[in-house]
Amino acid sequence: MVFDAIDQYRIFLQIFPTMKKIIVLLLSIAVLQSCKEELKSTNSVNVSFSSDASDVPKDGRLLLMLSNNDEKEPRFQINDGLNGQMVFGMNVDAMSPDVTITFDDTIFGYPFSSLAEVPPGEYNVQALLHVYETFNLATGQTVKLPMDNGEGQQWQRSPGNLYSKPFKIRVAENGIANVDVVMDQIIPPIEVPKDTEWIKHIKIKSEKLSEFWGRDMYLGAHVLLPKGFDEHPEAEYPLLVFQGHFPSDFGGFRTTPPDPNMKPEYSERFSLEGYNIIQQQEAYDFYQRWNEPDFPRMLIIEIQHPTPYYDDSYAVNSANQGPYGDAITYELIPHIEKKFRGLGEGWARFLYGGSTGGWEALGVQVKYPEEYKGCFAACPDPIDFSAYCLTNIYEDENAYYYESANKILEVPSHRDYLGNIQSTVKESNHLELVLGDKFRSGQQWDIWEATYSPQGADGYPVRIWDKMTCDINHSVAVYWKDNYDLRHILERDWDKLGENLKGKIHIYCGDMDNYYLNNAVYLMEDFLESTTEPYYGGEVLYGDRAEHCWNGDPELPNAITRLRYNSMYVPKIMKRIAESAPKGADLTSWRYK
């Protein structure tokens, strides 16, 4: 304990040089208390996997999890919220069957940094091995990363991962001893969704991505066909791209009313009883709207583009993830349009989505201004990195703490609409570090870095800040600014981009977004409203007291409007087409009843 306190003291001195006297006093008190209270720790948990689960050595991230309730398996309770459970992690190389790996007090964890900090009591214990594969990149480096196996980069349920069934243990006053955890289970493959009359599923090999990653890489999509697709072979259709996290199937479309035997489930997020029934009703309502005589006949797609770093690629080219932007825009979308009779021209393509999908909608529109005719970006991830949630990566020195001469105050990362805090930036990043070093957690902060950062000499991204000391790397921040800060790019290049983006940018955000994403939207709005020659000609709207992910409807709550993406922007899209389609464009073949 004395070593830990001194180590923390040194880190804080680097961050807060004006606080030395206060910290010295606090350290002295902590050291005196530790000397009085120190107990010999005997924490030791032995983890292995059986030869029945796998008979070959495995690389990966070995996780040990503890939970103090029986609500779910520990692996499904790991998060940075107030009810998140405990996890400890380490890398393993060529871990062999029936060979024991020991977790002791030196292994980093979250929310307790060491097993020595876990309070006495009864817990469920579980282990999981998140398996890594080897990639020989086109850039010449070799990296070990988790390959997506059809689940959308979810380590808790990724096929091929090994895990143990939970069982009870007791943590005594002096720790854990004589506990053996054997991973004898393997997560099975994901069942691929089947085509229906309305929804088709495609998967193509991307030559661009395969070259970058040094192995075959694929893109997929779920395609919603319009009414009368087979009956109108002469028709060619506009394409709507619904951006967002990995979709297991096309969501929000149901050809039958809600299941009358379904048991109502309570949504804690929205404080709504029976939200599962509401979801089914909205999906059925959309099916009915889709079939109305006056509803425009279009194609809608949801894209599957998971990477070894995350459940989607952010749909742009990246030094670390490869040319996903080009692969989607120039390989996948033309393939879909050819197969399903899309019009195949920029004036007939539109982008929309929320959160990650909101950033993607705007980012793709900015990066490919002539290939799409408009974007509708709801609650986008930070679109100005001077408001990278609550951090200004260009001016702040530290990402975890507010600058202060006399106190230590952590920067929040999540709030509710009343301002109540659930987690901090430090907590979120430390959880990611436990789940996987070298950006391999599959979580939010890591994917931003994997997308926006330059590639390091070891083949992995370069950190925007150190996960432990939290010092910001301002040279990396400059790279981010030049390549992915969307407000900066628009301001820098408006003389080149303005004409191609006029009337195309629509942004929506709640003013109490849970992740403080509205701050960057304010800055983007300030720039857009200042534009001339041309004026941007779009819209930026805010939802009063609305949380993540408000998408533009001032009358209905998030819980409902988030289920209506595929229809709520259609009137604006049709207006855009009517006002800006080129002379001779096909505006009739797809407007049948």
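Heads up: these notes are all about the structure in this document. (Residues numbered from 1 in each chain as written. Predicted model: local features only at pLDDT ≥ 70, side-chain atom pairs only at ≥ 80, totals over all residues. Heavy atoms only, no water.)

Right, let's get into the overall build of the protein chain. Within the protein chain, the secondary structure is distributed over 14 helices and 23 strands. In terms of overall dimensions, the protein chain is globule-like: its C-alpha atoms have a radius of gyration of 26 Å, near the 25 Å expected for 593 residues. Seen along its three principal axes, the alpha-carbon backbone of the protein chain occupies a region of about 85 × 55 × 55 Å. Buried residues in the protein chain amount to 56% of all 593 residues. For the protein chain, the accessible area works out to roughly 25,800 Å², and carbon and sulfur atoms hold 50% of it. (Helix = DSSP H or I, 4+ residues; strand = E, 2+ residues; numbered from the N terminus. Rg over C-alpha atoms; globule rule 2.2 N^0.38 Å. Buried < 20%, exposed > 50% of the residue type's maximum accessible area, 1.4 Å probe, protein only. Areas by Shrake-Rupley, 256 points an atom, 1.4 Å probe, with all protein chains shown as cover.)

Counted by the stated rule, this structure contains one disulfide. With no disulfide partner, C375 has as its closest neighbouring cysteine sulfur the one in C379, 13 Å distant. Between C509, a cysteine without a disulfide, and C379, which holds the nearest cysteine sulfur, the sulfur-to-sulfur distance is 6.3 Å. On the basis of relative accessibility, which here comes to 0%, the residue C509 falls in the buried class. (Disulfide = S-S within 2.5 Å.)

In this section: a negative patch on the surface. Taken together, the side chains of E397, E403, D466 and D471 make up a negatively charged region of the molecular surface. Along the polypeptide, E397 turns up in the loop between β19 (375-378) and β20 (412-415). (Patch = residues over 30% accessible without salt bridge, like charges linked within 9 Å, V, L, I, M, F, W, Y side chains within 5 Å. Salt bridge = Lys/Arg side-chain N within 4 Å of Asp/Glu carboxyl O. Lys, Arg positive; Asp, Glu negative; His and termini not counted. Charge placed at Lys NZ, Arg CZ, Asp CG, Glu CD.)

This part takes up the sheet that holds strand β4 (residues 101-103). On the basis of which strands lie adjacent, the open sheet formed by three strands has the order β4-β1-β10 and mixed pairing. Unpaired on one side and paired on the other, β4 and β10 (179-183) mark the two borders of the sheet. Neighbouring strand axes in the sheet, compared pairwise and without regard to direction, differ in orientation by 25° on average. Both strand β1 (residues 45-49) and β10 contribute to a ladder of five bridges, which runs parallel. Opposite V45, over in β10, you have V179 as the bridge partner. (Pairing = 2+ DSSP bridges. Axes fitted to C-alpha atoms, helices over the stretch in contact; angles between N-to-C directions.)

Bear in mind that shape data such as this cannot, by itself, settle questions of function.
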